[in-house]
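Chain and residue survey
Below are the chains, spelled out letter by letter.
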Amino acid sequence: MKAVELARRYVDDVEFSAEDGARTTPEYLDKISLAVVEAGARTVNIPDTVGYSVPHEYGALIGRVAKDAGRHGGCQRTLPRRPGAGGGNSIVAVEAGARQVECTINGIGERAGNASLEEVV
């Protein structure tokens, strides 16, 4: 929380990323999401870094955090072992309340397997 508070001294829009959030226990993810929002984060990013979730699980997780935190963020889809599934998970995340999707353009992104922009669109 101190890092978010410090960042807010310098910028208005702070994004917190719960790396590998899909494998985090939902109760802890709720707790940390609420805490960073209270500390000033405007976006909470919940990535499924290793492709752990299927769409209905991921959508439920995003919906829960969006409801509980009162704010919701991007969902970075990183699915190196299941190419093509990132688009579906990104769509259900938006349906569940996500307001931002992080994806690749022409396959160029943080890691191989991220949802491609054309799939999400």
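Shown above is the structure to which this text applies.
Residues numbered from 1 in each chain as written. Predicted model: local features only at pLDDT ≥ 70, side-chain atom pairs only at ≥ 80, totals over all residues. Heavy atoms only, no water.

Okay, the overall build of the protein chain next. Across its full length, the protein chain carries five helices and four strands. Of the regular secondary structure in the protein chain, the N- to C-terminal order runs α-β-α-β-α-β-α-β-α. Residues classed as buried in the protein chain amount to 40% of the 121 residues present. Put simply, of all contacts in the protein chain between residues at least 6 apart along the chain, 77% involve residues at least 24 apart. If you sum the accessible surface of the protein chain, you get close to 6,600 Å²; carbon and sulfur atoms cover 55% of it. (Helix = DSSP H or I, 4+ residues; strand = E, 2+ residues; numbered from the N terminus. Buried < 20%, exposed > 50% of the residue type's maximum accessible area, 1.4 Å probe, protein only. Contact = heavy atoms within 4.5 Å. Areas by Shrake-Rupley, 256 points an atom, 1.4 Å probe, with all protein chains shown as cover.)

Before going further, it helps to examine the packing of helix H2 (residues 26-39) against helix H3 (residues 55-69). Two elements in contact, H2 and H3, have axes separated by 9 Å at closest approach and are oriented at 40°. Put simply, H2 runs oblique to H3. Considering the relative orientation of H2 and H3, their crossing is right-handed. Here H2 contributes Pro26, Glu27, Leu29, Asp30, Ser33, Leu34 and Val37 to the contact with H3, which in turn contributes Leu61, Arg64, Val65, Asp68 and Ala69. When grouped by side-chain class, the residues that make up the contact of H2 with H3 number seven nonpolar, one polar and four charged. (Axes fitted to C-alpha atoms, helices over the stretch in contact; angles between N-to-C directions. Parallel < 35°, antiparallel > 145°, perpendicular 65-115°, else oblique. Left-handed = near helix turned anticlockwise from the far one by under 90°. Nonpolar A, V, L, I, M, F, W, Y, C, P; charged D, E, K, R; others polar.)

Spanning 14 residues, H2 covers 20 Å between terminal C-alpha atoms, matching the ideal 20 Å at 1.5 Å per step. Along H2, the positions that sit buried rather than exposed are Leu29, Asp30, Ile32, Ser33, Val36, Val37 and Ala39. Taken together, the buried residues of H2 touch helix H1 (2-8), strand E1 (15-17), strand E2 (43-45) and H3. (Expected span 1.5 Å × (residues − 1).)

Okay, the side chain of Asp48 next. Tracing the chain through its elements places Asp48 in the loop between E2 and H3. The buried category is assigned to Asp48, whose relative accessible area is 0%. A polar contact of 2.9 Å, which involves the side chain of Asp48, links it to the backbone nitrogen of Ser53. (Polar contact = N/O pair within 3.5 Å; in protein donor to acceptor, adjacent residues only side chain to side chain.)

What follows deals with the nonpolar core. Judged by nonpolar contacts, the single largest core of 19 residues is most densely connected at Val4, Leu29, Ile46 and Ile62. Elements with a minimum of two residues in this core: H2 and H3. Ignoring sequence-local partners within four residues, the contact set of Val4 consists of Val14, Phe16, Val36, Ala39, Gly40 and Ala41. (Core = buried A, V, L, I, M, F, W, Y, C linked by side-chain atoms within 4.5 Å.)

On to unusual backbone geometry, then. Unlike most non-glycine residues, Asp20 shows phi in positive territory, near 60°. As for its placement among the helices and strands, Asp20 is situated in the loop between E1 and H2. Residue classification places Asp20 among the buried positions, given a relative accessible area of 16%.

A grouping of Leu6, Tyr10 and Val11 is seen on the molecular surface, where their side chains present a nonpolar patch of about 330 Å² in accessible area. Assignment of secondary structure puts Val11 in the loop between H1 and E1. Residue classification places Val11 among the partly exposed residues on the basis of a relative accessible area of 41%. (Patch = residues over 30% accessible without salt bridge, like charges linked within 9 Å, V, L, I, M, F, W, Y side chains within 5 Å. Salt bridge = Lys/Arg side-chain N within 4 Å of Asp/Glu carboxyl O.)

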